[in-house]
2 protein chains.
Amino acid sequence: MQNFINHLKKYITLNEDELQILSSYVKTVSLKKKDFLLKEGQVCKANYFTEKGLLRMYFINDKGVEQITQFALENWWISDYMSFTMQSPAHFYIQAVENSEVIVIEHHKQEELIKQLPQLEKYFRIIIQRAYAASQMRFKYFYDYSKEENYRQFVSLFPEFVQRIPQYMLASYLGLTPEYLSELRKKG
Amino acid sequence: MQNFINHLKKYITLNEDELQILSSYVKTVSLKKKDFLLKEGQVCKANYFTEKGLLRMYFINDKGVEQITQFALENWWISDYMSFTMQSPAHFYIQAVENSEVIVIEHHKQEELIKQLPQLEKYFRIIIQRAYAASQMRFKYFYDYSKEENYRQFVSLFPEFVQRIPQYMLASYLGLTPEYLSELRKKG
DNA sequence: TTCATTTCTTAAACTAGTTTAAGTTTTTTC
DNA sequence: GAAAAAACTTAAACTAGTTTAAGAAATGAA
């Protein structure tokens, strides 16, 4: 969990004692590619930090097709926040795209941890506020640009990420079909 | 700002002294229909709570067309959070759809206020977490359903809201053209 | 009340993107 | 290494939704 500690230290100060406390509230989970952290219908009891690897969040539509709405790279948090917040059944799956390591903080432990280390309260607020800010921008792109334009921008901004995932996952995330993605790639 | 106080008391406890402190950090602004809280290019220096009325957040695309991405009803917060968080130029406009009253908390004052009233730290985290949770669900609907289906669901879930705004704003928010909305309404 | 502006409706022509139905290539499994 | 499975490509037929171009109705301003 070295990544996690380094990441936290960019936001808050933590001495050795505090690190010990933190460590007692979180656990590290190793996932094989395709292992699940969450399945639809389960209650999402935890918040997940991607220590290493890559996760995806998706739902299955009524035609049985998987639709990816989110990825989580190293140093990103991921959760079904509606389920996490309301402790209601999840609408999404969270699955490892590749072998991964994840830091898990369970809902009730997060609240206790914050009581022990109050500086984490601000940390979690800033992190989720940034995620929300990013989602506001993401909505703007959805409204503003065509799917082709969004594809081209995405490839140009995140070439390494695009190499890292199968094309059909990229298509799913961008809301287009694999066939259309092939066509766009052919167009150059 | 009675709404604001009542709303806060659902989440945190505030005695009379604390209410006084809070009041000294926020201000109430009355807006006429079409008045702006924020324009693109300005830095969004505040977080806004809708005490009364209705706000909309939109951007102008390269064809000069307004695209609404969000509304804020009574008791809702609204801000361009990327601009608010990073103190960078805003991509959005925030404007009153009707005559409104807004509670304004400036960025630096919010941080000071939280120091004075630490229970607000958790309040803001929970609020933004809920907003993010809702945005995850909203992405799901974008991916999952056609624009027509989303329109029909929206009308059925929020009939009063739909009465409250002009049809072209509803169309804009749902990402469809006013012409197509007219067609859908005709279809019944 | 009149006039100007905004909003809503109508419909045909158009298009971004999907669906259908394979075939080909790459990766995984045993 | 062979076979199966998954991923990718191809292209024609199709469609959800847009664009274009008005006209009609409602609202706002003077």
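Because the structure is a prediction, the values reported are computed rather than measured. (Residues numbered from 1 in each chain as written. Chains lettered and ligands numbered in written order. Predicted model: local features only at pLDDT ≥ 70, side-chain atom pairs only at ≥ 80, totals over all residues. Heavy atoms only, no water.)

Caption draft 1: View of the protein's contact with DNA strand D. Neighbouring residues of DNA strand D: 17 residues in total, closest Gln167(A), Tyr168(A), Glu179(A), Ser182(A) and Lys147(B). Taking all atoms of DNA strand D within 4 Å of the protein, the share assigned to sugar and phosphate is 73%. Between DNA strand D and Ser182(A), the relevant distance is 2.7 Å, taken from a phosphate oxygen to a side-chain nitrogen or oxygen of the residue. Residue Arg185(A) places a side-chain N or O atom 3.0 Å away from a phosphate oxygen belonging to DNA strand D. (Near = heavy atom within 4 Å. Polar contact = N/O pair within 3.5 Å; in protein donor to acceptor, adjacent residues only side chain to side chain.)

Caption draft 2: Representation of the relation of the copies chain B and chain A in the model. With an axial shift of 0.0 Å and an RMSD of 0.0 Å, the rotation relating chain B to chain A amounts to 180 degrees. The symmetry that links the two subunits is that of a two-fold axis. No C-alpha of chain B approaches the rotation axis more nearly than that of Arg125(B), which lies at 2.2 Å. By residue overlap, the copies meet face to face through one surface: 100% of the interface positions of chain B are interface positions in chain A. (Least-squares fit on C-alpha atoms with pLDDT ≥ 70 in both. Contact = heavy atoms within 4.5 Å.)

Caption draft 3: Fine view of the protein's contact with DNA strand C. Surrounding DNA strand C, one finds 18 residues, the nearest of these being Lys147(A), Gln167(B), Tyr168(B), Glu179(B) and Ser182(B). Atoms of DNA strand C within 4 Å of the protein: sugar and phosphate make up 73%, bases the balance. In this structure, Thr177(A) approaches DNA strand C through a main-chain N or O atom, which is 3.2 Å from a phosphate oxygen. The backbone of Tyr168(B) places a nitrogen or oxygen atom 2.8 Å from a phosphate oxygen of DNA strand C. Put simply, the parts of the chain that give the surface near DNA strand C at least two residues each are α6 (147–157) and α9 (178–187) of chain A together with α8 (167–173) and α9 (178–187) of chain B. In terms of residues, the surface near DNA strand C owes the most to one element, α9(B), which gives 5 residues. When the residues that make up the surface near DNA strand C are grouped by side-chain class, the tally is 5 nonpolar, 5 polar and 8 charged. (Helix = DSSP H or I, 4+ residues; strand = E, 2+ residues; numbered from the N terminus. Nonpolar A, V, L, I, M, F, W, Y, C, P; charged D, E, K, R; others polar.)

Caption draft 4: Quick peek at the interface of chain B and chain A. Contact residues are listed per partner, giving 42 residues for chain B and 42 residues for chain A. In total, about 4000 Å² of surface goes out of reach between chain B and chain A, with carbon and sulfur atoms giving 66% of it. Among the residues chain B hides against chain A, the three largest losses belong to Arg125(B), Tyr132(B) and Tyr143(B). Together they make up 21% of the total. The interface formed by chain B and chain A includes 6 salt bridges. Close ionic contact of Arg125(B) with Glu111(A) constitutes a salt bridge, the shortest N to O distance being 3.2 Å. In this assembly, chain B and chain A are joined by 21 residue pairs in polar contact (both at pLDDT 80 or more). Mapped by element, the contributors of at least two residues to the side of chain B that touches chain A are β4 (55–60), β5 (66–72), α3 (81–86), α4 (107–116), α5 (119–144) and α8 of chain B. A per-element tally of the side of chain B that touches chain A places α5(B) first, with 20 residues. Of the residues belonging to the side of chain B that touches chain A, the class tally is 20 nonpolar, 13 polar and 9 charged. (Buried area = accessible area lost by both parts, 1.4 Å probe. Salt bridge = Lys/Arg side-chain N within 4 Å of Asp/Glu carboxyl O.)

Caption draft 5: Representation of the sheet that holds strand β2 (residues 36–38) of chain A within the structure. Spatially, 4 strands are ordered β2-β7-β4-β5 (chain A) in an open sheet, and the strand pairing comes out antiparallel. Among the strands making up the open sheet, the edge pair consists of β2 and β5 (66–72) of chain A. For this sheet, the mean angle separating the axes of adjacent strands, direction not counted, is 30 degrees. Where β2(A) meets strand β7 (residues 93–96) of chain A, 2 bridges bridge the pair, whose relative direction is antiparallel. Note on β7(A): the bridge partner recorded for Leu38(A) is Ile94(A). α5(B) contacts β4 (55–60) and β5 of chain A of the sheet and is inclined by roughly 145 degrees relative to β5(A). (Pairing = 2+ DSSP bridges. Axes fitted to C-alpha atoms, helices over the stretch in contact; angles between N-to-C directions.)

Caption draft 6: Focus on the side chain of Gln95(A). Residues and elements named next belong to chain A. Summarising the element assignment, Gln95 is placed in strand β7. Within the structure, Gln95 has its side chain in polar contact with the side chain of Arg56 (distance 2.5 Å). Those residues in contact with Gln95 that sit more than four places away from it in its chain are Lys34, Asp35, Phe36, Leu54, Leu55, Arg56 and Tyr58.

Caption draft 7: Main features of the pattern of salt bridges. Residues and elements named next belong to chain A. Applying the stated rule across the entire model yields 20 salt bridges over all chains. Among the salt bridges present, the one from Arg56 reaches Glu66, with a minimum N-O distance of 2.9 Å. Separated by 10 residues along the polypeptide, Arg56 in strand β4 and Glu66 in strand β5 bring together distant segments of the chain. You can call Arg56 buried: its relative accessible area is 4%. By relative accessible area, which is 34% here, Glu66 ends up partly exposed. (Buried < 20%, exposed > 50% of the residue type's maximum accessible area, 1.4 Å probe, protein only.)

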